[in-house]
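Inside the fold
Now for the letters of each chain:
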Amino acid sequence: MFEQSQMERKAAARIDEARRQIEICNACRYCEGYCSVFPAIMRQRSFADADVTQFANLCHNCRGCYYACQYTEPHEFDLNLPGILAEVRTESWERFAWPSPLARLFQRSGTALAVALMLGFAVLFWAAQTLRPESGEGFYAVMSHGLMVSVFMPAFLLPLLALFVSLRRYWRHVGGQGVGRSQIRQALSRAAYMKDLSGGQGQGCNFEDEDRFSNARRYAHQAVVWGVFMCFGSTISGTIMHYVFDWPAPYGLLSLPKLLGVPGGLLLTAGCLELARLKLKAEPALGARRVWAGEMGFVLLLGFVSLSGLLLYASAGTAAVAVLLPLHLGAVLTFFLLMPYTKMAHGFFRLAALIKDAAGN
Ligand code: SF4
Ligand code: SF4
């Protein structure tokens, strides 16, 4: 109880600090064209807690405004808008997450939790291989299709339910109302192009280096997002082929699951490696310092999911499958179960913030 109220006091102090900085920006307006945050700020004269939370979720932590700002340390205003918005943003995910104690646990010890779960699940999947099915080809010769579906179906649906509850809480908190199709289209297009990561002028942001504009972070994010979509499309097409066309795996290289899955896995692996590299180069004080390790752990977990999937495909028919399959399945299961409490939630919250921004309500 004491810990809870202490956390609430810290969260309130972060919101107050963000409000102070936003009010200075609203008077200055130098960064007007940088991203979606500043036009949203400039539509208002006063800022409730919910407004601050909405701005924080619109921010992409590109850091362009920090390096352009004349009021950063040692100026007495001591502005660090990317840093304080990152703190408010991660705190909002914890607060709206369902169930929220899980989110707090992940933020406290995310990397250790992810590694423990992944290895624990891998051992269970490895043990399950002893129940080797009597028939089945490819990976299904090692682990039955029925066992995989009975584990992964709830592991996929439960996190989606948790995300739905979290987003509904967010939407209510920020005062979101009904939206039309055009607002949703506009938000989806902004999310797909990630225009806010282009720094407003198209040259990119200064995430890695104060003096150099770069689109590297934008492209890495796009690689991750499109890689996830393609891998998801690969799984969906494989499911349709299995159940609708009675065409079970394994599939050839020119089949839809592989045409989507292999390039999707490559994109995802490359995107995660680049995001990890950029995170190592960037200044931690301009992000949410207390969750740096958890965020890095999540990027590495996602990268491991895609890399182990590619290795598994490459080693089909060899003895390495018996080791790689449990590791890959353990990583995928951990990724699904932790999804509502990790950086992955950022994509969903940001989309909600963009829809709210497009609706202007
Ligand atoms: S970040 Fe600095 S330069 Fe940019 S609008 Fe705010 S006060 Fe002005
Ligand atoms: S860090 Fe980037 S996205 Fe966030 S407010 Fe500054 S310019 Fe906008």
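Here, the structure is the one placed above.
All values reported here derive from a predicted model rather than from experimental measurement.

Rules and cut-offs
Residues numbered from 1 in each chain as written. Chains lettered and ligands numbered in written order. Predicted model: local features only at pLDDT ≥ 70, side-chain atom pairs only at ≥ 80, totals over all residues. Heavy atoms only, no water. Helix = DSSP H or I, 4+ residues; strand = E, 2+ residues; numbered from the N terminus. Buried < 20%, exposed > 50% of the residue type's maximum accessible area, 1.4 Å probe, protein only. Contact = heavy atoms within 4.5 Å. Areas by Shrake-Rupley, 256 points an atom, 1.4 Å probe, with all protein chains shown as cover. Lys, Arg positive; Asp, Glu negative; His and termini not counted. Charge placed at Lys NZ, Arg CZ, Asp CG, Glu CD. Core = buried A, V, L, I, M, F, W, Y, C linked by side-chain atoms within 4.5 Å. Near = heavy atom within 4 Å. Nonpolar A, V, L, I, M, F, W, Y, C, P; charged D, E, K, R; others polar.

Bringing the overall build of the chain into the picture now. Within the chain, the regular secondary structure consists of 13 helices and zero strands. Mapped in sequence order, the helices and strands of the chain form the string α-α-α-α-α-α-α-α-α-α-α-α-α. For the chain, the spread of C-alpha atoms along the principal axes amounts to about 70 × 50 × 40 Å. Here the chain holds 361 residues, and the buried ones make up 49% of them. Taking contacts inside the chain between residues at least 6 apart in sequence as the whole, the part at least 24 apart equals 74%. For the chain, the accessible area works out to roughly 18000 Å², and carbon and sulfur atoms hold 64% of it. Across the chain, 33 positive and 26 negative side-chain charges occur, with their mean positions spaced 5 Å apart.

Residue position: Val115 is located in helix α6 (residues 100–128). Along the primary structure Val115 and Ala331 are separated by 216 residues, whereas in three dimensions their C-alpha atoms are 8.7 Å apart.

Its location among the elements puts Ser315 in the loop between α11 (292–314) and α12 (321–338). Residue Ser315 is classed as buried on the basis of its relative accessible area of 10%. With residues up to four places along the chain from it excluded, the contact list for Ser315 reads Ala320, Val321 and Leu324.

Attention shifts here to the nonpolar core. In terms of nonpolar packing, the biggest core is built from 74 residues, with Ile22, Val37, Phe38, Leu81 and Phe335 touching the most fellow members. Ranked by the residues each element gives to this core, the list is headed by α12, at 10 residues. The contact partners of Phe335, leaving out residues within four places of it in the chain, are Phe298, Leu301, Leu302, Val305 and Met344. In this structure, Cys62, Met194, Phe207 and Leu278 belong to the second largest nonpolar core, which totals eight residues.

Taken together, the neighbourhood of ligand 1 is formed by Cys25, Cys28, Arg29, Tyr30, Cys31, Phe38, Cys65, Cys69, Gln70, Tyr71 and Leu79. Taken together, the residues of the shell around ligand 1 sort by class into nine nonpolar, one polar and one charged.

Here we come to the site of ligand 2. Taken together, Tyr34, Cys35, Val37, Phe38, Cys59, His60, Asn61, Cys62, Arg63, Cys65 and Pro82 form the complete shell of residues around ligand 2. Split by residue class, the shell around ligand 2 holds eight nonpolar, two polar and one charged.

The amide bond that connects Glu73 to the next residue, Pro74, takes the cis arrangement and shows omega of 15 degrees. Among the secondary structure elements, Pro74 is positioned in the loop between α4 (64–68) and α5 (81–96). In this chain, Trp98 is followed by Pro99 through a cis amide linkage whose omega measures -10 degrees. Following the sequence through the fold, Pro99 ends up in the loop between α5 and α6. Of note, Asn61 is a non-glycine position whose phi angle comes to about 55 degrees, a positive value. Summarising the element assignment, Asn61 is placed in the loop between α3 (49–58) and α4. Taking relative accessible area as the criterion, Asn61 reaches 7% and is therefore assigned buried.

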